[in-house]
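Observations on chain architecture
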There are 2 protein chains.
Amino acid sequence: MTTPTQRGPDPRFAAGVALIDGELMPIAEARIPITDTGFSRSDVTYDVVGVWGGAFFRLGDHVARFQQNCAKLHLELPFDGEEIARVLTEMVRVSGLREAYVDMICTRGTSREGSRDPRTFHNRFYAYAIPYVWILRPHDAMDAVLTRTVRRIPETSVDPTVKNFHWGDLVKGQYEAYDRGARYAVLLDHDGNVTEGAGYNVFALVGGRLLTPARGTLRGITQRTVLELAAEEGIPTEVTDISAEVFLGAAELFATSTAGGVMPMTSIDGVPVGDGRVGPVTSMLRERYWKAHEDPRYATVVDYDG
Amino acid sequence: MTTPTQRGPDPRFAAGVALIDGELMPIAEARIPITDTGFSRSDVTYDVVGVWGGAFFRLGDHVARFQQNCAKLHLELPFDGEEIARVLTEMVRVSGLREAYVDMICTRGTSREGSRDPRTFHNRFYAYAIPYVWILRPHDAMDAVLTRTVRRIPETSVDPTVKNFHWGDLVKGQYEAYDRGARYAVLLDHDGNVTEGAGYNVFALVGGRLLTPARGTLRGITQRTVLELAAEEGIPTEVTDISAEVFLGAAELFATSTAGGVMPMTSIDGVPVGDGRVGPVTSMLRERYWKAHEDPRYATVVDYDG
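Here the residue numbers are simple positions, counted from 1 along each chain's written sequence. Whichever chain is written first is A, and whichever ligand is written first is 1; the rest continue in order. Selection of residues for local features in this predicted model requires a pLDDT of at least 70, selection of side-chain atom pairs for listing and counting requires 80 or more, and totals for whole chains, interfaces and linings are taken over all residues. For the side-chain quantities, the full set of heavy atoms in the structure was used; hydrogens and water were omitted.

Focus: the overall build of chain A
The helix and strand tally for chain A stands at 7 helices and 16 strands. The size measure is the radius of gyration over C-alpha atoms, and the globule rule it meets is 2.2 Å times the number of residues to the 0.38 power. On C-alpha atoms alone, chain A measures out to a radius of gyration of 20 Å, which is about the 19 Å that the 2.2 N^0.38 rule sets for 306 residues. When the backbone C-alpha atoms are referred to their principal axes, chain A occupies close to 55 × 45 × 30 Å. Split into buried and exposed, the 306 residues of chain A put 60% on the buried side. For chain A, long-range pairs separated by at least 24 residues make up 69% of all intrachain contacts whose partners lie at least 6 apart in sequence. Here the accessible surface of atoms and residues is derived via Shrake-Rupley with a 1.4 Å probe, and residues count as covered only by protein chains that are part of the display. Of the roughly 12,000 Å² of accessible surface on chain A, 50% is carried by carbon and sulfur atoms. One way to put it: in chain A the 32 positive side-chain charges average out to a point 2 Å from where the 41 negative ones average out. Numbering of helices and strands runs from the N terminus, with a helix taken as a DSSP run of H or I at least four residues long and a strand as a DSSP run of E at least two residues long. Residue burial is assigned from relative accessible area. The probe radius is 1.4 Å, only protein chains are included, and a residue is buried under 20% of its type maximum, exposed over 50%, and partly exposed in between. In what follows, a contact means two residues having at least one pair of non-hydrogen atoms within 4.5 Å. Charge counting follows a simple rule: Lys and Arg are positive, Asp and Glu are negative, and His as well as the terminal groups are ignored. Each charge is placed at NZ for Lys, CZ for Arg, CG for Asp and CD for Glu.

Okay, here's the thing in structure tokens:
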């Protein structure tokens, strides 16, 4: 990677910075070849880690998941885990961003001499850091629908635990939500169980137990964090199948994502969840989640002065 | 679009030419923003038309399908059908390519001011023309497997008639084929019926009838051409469900694609199809397919001297 000679943040990167072909550049200039099969076959995996208050949150866990997912797709990374962490840290440092959304991407890349055999392709690594992304603005709540027009791509077709860009079903769900007067969608699987939405896992508080879907979803790191925090608070948790009926009857609902943390869902299919206000368990977990960002178990502080 | 001042082919574009943000450039320089959701959500549709012997094959049909698919995804094109045809023709003309693979792409594009609402995005049109792509080299035959490790993404999740880049299942099928000593894969759906492979439809000659799958696949224009040509030759055709058993017992098998035309499949799951040689119906249709490229019903001749 090109190392800037000047230390400290670089104002050219304040709106975001990307690493393309080993070079740092402003996010607005960051481009990938149109012939990269990461685009033309969506043959790619990625991961996103958050930076909050100048520290990465669970950086090691995100990088480890990314490496595992690359291996599952037979994608070769040019860097080991420590080098990826170093590269991401350097990007955040030069951007000066204290709250950032940091993306690492590995694509199958481009064909050698016109071959269509993916084993022969030249895999590519990209990364970028941009100002923090909110799926839901702070102090807002989600109004969601369980979609009727689309089902989540099944695990037998595309492995959802390998974080991917196959969002056709999720985007269709978003359009259905808008058509039905809501802003967010949660997709069912082909057995009628709840899965996830466009970039978030979901949780339901049912009979005092905190449930989250066992199948058909990414194993989110925010989801994992919430399961850990709930356990620490003595709330029983279960990773299990959740039918539409059980989900619709929950006392509290919320979604989780690196891009927004713990996001209350106070309306589902046009009906208020509970009394329609953010529930006490959701509220407590949201507070614990942001508090956990100061916990040295999870936080990796960025040295912006390099 | 930038119009070159000089007429006739431009040697800079001999290896391929792309149209990005309204500008023509050599394919090797053609890049798209890393933030385009055509990449980061695979929120995109595309179409590919072939040029053979200096003429487009069924240009109007490909452009019309592309326009319909953009409409289905709520994507807005900056051009009408005639303008798209004109732009693609201009690209082929300046490339000088007599045999070309011509791609038109529309992506959801990039977010305005950080919004995640796809309705507010700025849709983008890209196109390129490169030397003709062969899924199968001429005079070669496909050795294929019916995949066991993966099923085609169902229509209830992603509409396969809207040509898309959700190839995770197809690429996994390719890897399975390699593991099983073959080079090509055909995917079953969740009901156990045959669908398609990575960029091709399939046909089976069974009891003197030519069958092709009714569901879970792109409605290919090469597929449509073969159905028309077979009908003209008095071969009964049927668009229907085809079980794995029926497919494996076929007298002849072949695949169809703009990138290769009619491609004989002489081995399936390690067993020869029929006597293991290219069958007479396949052979006749392959010949008729290439002959049809001279038919004024289908051909749009490119004027390379402008």
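Comments concerning the interface of chain B and chain A
Contacts between chain B and chain A engage 51 residues on the former and 51 residues on the latter. The largest per-residue losses of area from chain B upon contact with chain A belong to Ile-34, Phe-39 and Arg-116 of chain B, which jointly make up 18% of the total buried on that side. A pairing counts as a salt bridge when a side-chain nitrogen of Lys or Arg comes within 4 Å of a carboxyl oxygen of Asp or Glu. Our count for the chain B to chain A interface comes out at 2 salt bridges. Salt-bridge contacts for Arg-31 of chain B lead to Asp-21 of chain A; the nearest nitrogen and oxygen are separated by 2.8 Å. Put simply, buried area is the surface a 1.4 Å probe can reach on two separate parts but cannot reach once they are joined, added for both.

Some thoughts on the domain arrangement of chain A
Residue and element names in this part refer to chain A. Bear in mind that the domain bounds are from an automatic or database domain assignment. Split into domains, chain A comes out as domain 1 (11-131) and domain 2 (142-293). Spacing between the C-alpha centres of domain 1 and domain 2 amounts to 26 Å. Between domain 1 and domain 2, the contact holds 18 residues from the first and 21 residues from the second. The largest share of the area that domain 1 buries against domain 2 comes from Tyr-46, Phe-57 and Arg-65, three residues that together contribute 37% of it. When the shortest N-O distance is used, the salt bridge between Arg-58 and Glu-228 registers 3.0 Å.

Here's the deal with the packing of helix H5 (residues 221-232) of chain A against helix H7 (residues 280-291) of chain A
A packed helix pair is summarised by two numbers, namely the angle formed by the two axes and the spacing between the axes. All names here are of chain A. Angles shown run from 0 to 180 degrees and are taken between the N-to-C directions of axes, each axis being a line fitted to C-alpha atoms and, for helices, limited to the stretch in contact. Their axes nearest at 10 Å, the elements H5 and H7 cross at an angle of 110 degrees. In terms of axis orientation, H5 runs roughly perpendicular to H7. Note on packing geometry: the crossing formed by H5 with H7 is right-handed. Listed contacts from H7 to Thr-222, Thr-225, Val-226, Leu-229, Ala-230 and Glu-232 of H5 are Leu-285, Arg-288 and Tyr-289. Residues of the contact of H5 with H7, tallied by class, amount to 5 nonpolar, 2 polar and 2 charged. Angle categories are assigned with fixed cut-offs, so that under 35 degrees is roughly parallel, over 145 is roughly antiparallel, 65 to 115 is roughly perpendicular, and the rest are oblique. Note on convention: near helix rotated counterclockwise from far helix by under a right angle means a left-handed crossing. Clockwise means right-handed. The nonpolar class holds Ala, Val, Leu, Ile, Met, Phe, Trp, Tyr, Cys and Pro. Asp, Glu, Lys and Arg form the charged class, and all remaining residues, Gly among them, are polar.

Side note on the relation of the copies chain B and chain A
If you rotate chain B by 180 degrees and push it 0.0 Å along the axis, it lands on chain A with an RMSD of 0.0 Å. Such a combination of rotation and displacement between the chain copies is what one expects of a two-fold axis. Least-squares fitting of one copy onto the other uses the C-alpha atoms of those residues that reach a pLDDT of at least 70 in both copies.

Some words on unusual backbone geometry
Residues and elements named next belong to chain B. Residues other than glycine seldom take positive phi values, yet Arg-58 does so here, at roughly 55 degrees. We classify Arg-58 as buried; its relative accessible area is 7%. Positive phi is not limited to glycine here, since His-74 has a value of about 60 degrees. Secondary-structure assignment places His-74 in the loop between helix H2 (59-72) and helix H3 (81-95). Given the relative accessible area of 48%, His-74 is considered partly exposed.

Considerations on the nonpolar core
One recurring pattern in soluble globular proteins is that nonpolar side chains are buried together. Membership of the largest hydrophobic core comes to 106 residues, with the highest contact counts inside it found for Ile-34, Phe-247 and Met-265 of chain A together with Ile-34, Phe-247 and Met-265 of chain B. With residues near it in sequence (within four places) discarded, Ile-34 of chain A still touches Phe-39 of chain A together with Ile-20, Ile-27, Ala-30, Arg-31, Ile-32, Ile-105, Tyr-126 and Tyr-128 of chain B. The set of buried Ala, Val, Leu, Ile, Met, Phe, Trp, Tyr and Cys residues whose side-chain atoms join them within 4.5 Å is what this entry labels a nonpolar core.

A few points about the packing of aromatic side chains
Working definition: rings of Phe, Tyr and Trp (its six-membered ring) pair if their centres are within 6.5 Å, and the pair is stacked with planes under 30 degrees apart, edge-to-face with planes over 60 apart, and tilted otherwise. Summed over all chains, the structure comprises 32 aromatic pairs over all chains. Judged by centre distance (6.4 Å) and plane angle (70 degrees), the ring pair of Tyr-132 of chain A and Trp-290 of chain A falls under edge-to-face. Remark: Trp-290 of chain A occurs in helix H7 and Tyr-132 of chain A occurs in the loop between strand E7 (122-131) and strand E8 (142-151); sequence separation between them is 158 residues. Neither residue differs from the other here; Tyr-132 of chain A and Trp-290 of chain A are each classed as buried. Against the face of Tyr-178 of chain B rests Arg-119 of chain A, its NZ or CZ located 3.7 Å from the ring centre. Ring-over charges, as used throughout, are those where CZ of Arg or NZ of Lys falls within 6 Å of the ring centre and within 35 degrees of the ring normal. Sitting over the ring of Tyr-304 of chain B, Arg-98 of chain B keeps its end group 3.7 Å from the ring centre.

Points about the environment of Ala-251 of chain B
Residues and elements named next belong to chain B. Summarising the element assignment, Ala-251 is placed in the loop between helix H6 (244-248) and strand E13 (252-257). Under the relative-accessibility criterion, Ala-251 is labelled partly exposed at 47%. For Ala-251 and Phe-57, which are 194 residues apart along the polypeptide, the C-alpha to C-alpha distance reads 29 Å. Not counting residues within four places of it along the chain, the set of residues in contact with Ala-251 comprises Leu-205, Val-273 and Gly-274.

Observations concerning the side chain of Glu-90 of chain B
Relative to the elements of secondary structure, Glu-90 of chain B occurs in helix H3. In this structure Glu-90 of chain B comes out as buried when scored by relative accessible area, which is 14%.

Thoughts on the sheet that holds strand E5 (residues 55-57) of chain B
Residues and elements named next belong to chain B. In this analysis, strands are considered paired if DSSP registers two or more bridges between them. Reading across the sheet, the 7 strands line up as E2-E1-E7-E6-E4-E5-E16 and stay open at both edges, with antiparallel pairing between neighbours. With one partner strand each, in any of the chains shown, strand E2 (23-26) and strand E16 (299-301) form the two edges of the open sheet. Taken pair by pair, the neighbouring strands of this sheet meet at an average axis angle of 25 degrees, ignoring direction. Running over the sheet, H2 touches strand E4 (44-52), E5, strand E6 (100-110), strand E7 (122-131) and E16 and is turned about 175 degrees from E4.

Quick word on the confidence of the model for chain A
By definition, pLDDT measures how confident the predictor is in each residue, and it falls between 0 and 100. Of all residues in chain A, 98% have pLDDT values of 70 or greater, and the mean over the chain is 96. This prediction of the complex comes with two scores: 0.96 for pTM and 0.96 for ipTM.

Observations concerning the sheet that holds E7 of chain A
All names here are of chain A. Read across the open sheet, the 7 strands follow the order E2-E1-E7-E6-E4-E5-E16; overall the sheet is antiparallel. Strand pairing shows two members of the sheet lacking a second neighbour, strand E2 (23-26) and strand E16 (299-301), which therefore form its edges. Taken pair by pair, the neighbouring strands of this sheet meet at an average axis angle of 25 degrees, ignoring direction. Summarising the sheet, strand E4 (residues 44-52) and strand E6 (residues 100-110) pair through 8 bridges and their orientation is antiparallel. Note that in E6 the partner of Val-49 across the bridge is Val-102. Sheet strands in contact with helix H3 (residues 81-95) are strand E1 (17-20), E2, E4, strand E5 (55-57), E6 and E7, and its direction is about 35 degrees off that of E7.

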